[in-house]
Amino acid sequence: MKVLVTVKEVAEVEEDFQLDGLHVAEEYLDYDLNEWDEYAVEEAVQIAEENDDVEVVSVTIGPERSEETIRMALAKGVDRAIRVWDDALDDVDLLDVSAKAELLSAVVAEEDPDLVLTGVQANDDSFGATGVSLASAIDFEWAAVVNDLDLDVDGGVAHVRRELEGSVEELTDVELPAVLTIQTGINEPRYASLRGIRQAQSKEIKPQSLSDLGLDASAVESDLVLADVYEPEVESDVTYFDGDAGAQAAELATVLREKGAGAQ
């Protein structure tokens, strides 16, 4: 059995930063694995640990810099990784969901996995449609926002619990091959051990260009245009009350009454 996990390197912005055109200046960015993808990686590794003959492969769309982040997934138990990048992607400000789905579809066609796991959404752009868009593109069964998973490898069925709106949960069975988008809290992602970090250095990260995947530059044409980036102005009017708790409470009550709140 093969489990393919999509992972994304996301940028975390320092509290004080400066803009460089339409982007945050590079020196103010720290890169890490997307939070939701950490749970997807952990779920895939647990599947491999609980069943025989399971290979876990991760795939990311990212430049060479992202290999350091990918190594952290390898250190946690992923067997090998694929990194998709091409010169044509350098000129794309914001890759839209359909373009991501097309790139990942080409990887699925090459790898032929039984199960694809993705995070529910991304920390940076908050997109949450890549997983289900991929499922539609490759014609796999799917379930979104999965917060519990019991995989019957022999039966080829994933028993899942998924979150719906209004605190409602759904129990359903999804036949493999399938795409599942994984919610935070489904497990507790492990820390990479020193042994795992050392082993990750020798695990394969296979670079794949558009031509390697049988695609051309039209595959990454995006309908999204980054028009402007700015730091929003923050306006606040804060009143601090001196004195002990009783005095502060009395002053607060006065202000609330003046604002029309509470009893007169």
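In this text the structure is predicted, and so the values were computed from the model without any measurement. (Residues numbered from 1 in each chain as written. Predicted model: local features only at pLDDT ≥ 70, side-chain atom pairs only at ≥ 80, totals over all residues. Heavy atoms only, no water.)

Caption draft 1: Summary view of the side chain of Thr181. In this structure, Thr181 sits in strand E12 (residues 178-182). Overall, the relative accessible area of 6% leaves Thr181 in the buried class. Ignoring any residue separated from it by four or fewer positions in sequence, one finds Thr181 in contact with Thr118, Gly119, Val120, Gly131, Val132, Ala143, Ala144, Val145 and Val146. (Helix = DSSP H or I, 4+ residues; strand = E, 2+ residues; numbered from the N terminus. Buried < 20%, exposed > 50% of the residue type's maximum accessible area, 1.4 Å probe, protein only. Contact = heavy atoms within 4.5 Å.)

Caption draft 2: The UniProt feature "domain: Electron transfer flavoprotein alpha/beta-subunit N-terminal" (unreviewed entry) in the chain, seen in detail. Mapped onto this structure's residue numbering, the UniProt feature "domain: Electron transfer flavoprotein alpha/beta-subunit N-terminal" (unreviewed entry) falls at residues 21-217. A helix fraction of 30% and a strand fraction of 30% characterise residues 21-217, whose end C-alpha atoms lie 25 Å from each other. (UniProt positions renumbered as here; feature names shortened; annotations may be inferred.)

Caption draft 3: View of the pairing of strand E1 (residues 2-6). The element E1 is largely enclosed, with a buried count of five among its five residues. On E1, burial covers both faces: Lys2, Leu4 and Thr6 on one face and Val3 and Val5 on the other are all buried. Pairing between E1 and strand E6 (residues 55-61): five bridges, direction parallel. Bridge pairing in E6 links Val3 to Val56. As judged from the three bridges shared by E1 and strand E8 (residues 115-119), these two strands associate in the parallel manner. Among the inter-strand pairings, Val5 is bridged to a residue of E8, identified as Leu117. (Pairing = 2+ DSSP bridges.)

Caption draft 4: Quick peek at helix H1 (residues 35-50). The terminal C-alpha atoms of H1 lie 23 Å apart, and with 16 residues this matches the ideal 22 Å at 1.5 Å per residue to within 8%. Those residues of H1 that sit buried are Trp36, Asp37, Tyr39, Ala40, Val41, Glu42, Glu43, Ala44, Val45 and Ile47. On its buried side, H1 packs onto E1, E6, helix H2 (67-75), E8, strand E9 (141-152) and E12. (Expected span 1.5 Å × (residues − 1).)

Caption draft 5: Spatial organisation of the environment of Gln199. In this fold, Gln199 is placed in helix H6 (residues 194-200). Accessibility expressed as a relative area gives 34% for Gln199, which makes it partly exposed. C-alpha of Gln199 to C-alpha of Arg83: the two residues are 116 residues apart in sequence and 18 Å apart in space.

Caption draft 6: Layout of the sheet that holds strand E13 (residues 205-208). Pairing is mixed in the open sheet, where nine strands are placed in the order E11-E10-E9-E12-E8-E1-E6-E7-E13. For this open sheet the edge positions go to strand E11 (169-175) and E13, each flanked by a neighbour on one side alone. The mean angle between the axes of side-by-side strands here comes to 35 degrees, regardless of whether they run parallel or antiparallel. Sheet topology places E9 next to E12; four bridges connect them, and they run parallel. Bridge pairing in E12 places Ala143 opposite Leu180. The strands touched by helix H4 (residues 97-111) within the sheet are E1, E6, strand E7 (80-84), E8 and E13, with E6 carrying the most contacts at an inclination of about 150 degrees. (Axes fitted to C-alpha atoms, helices over the stretch in contact; angles between N-to-C directions.)

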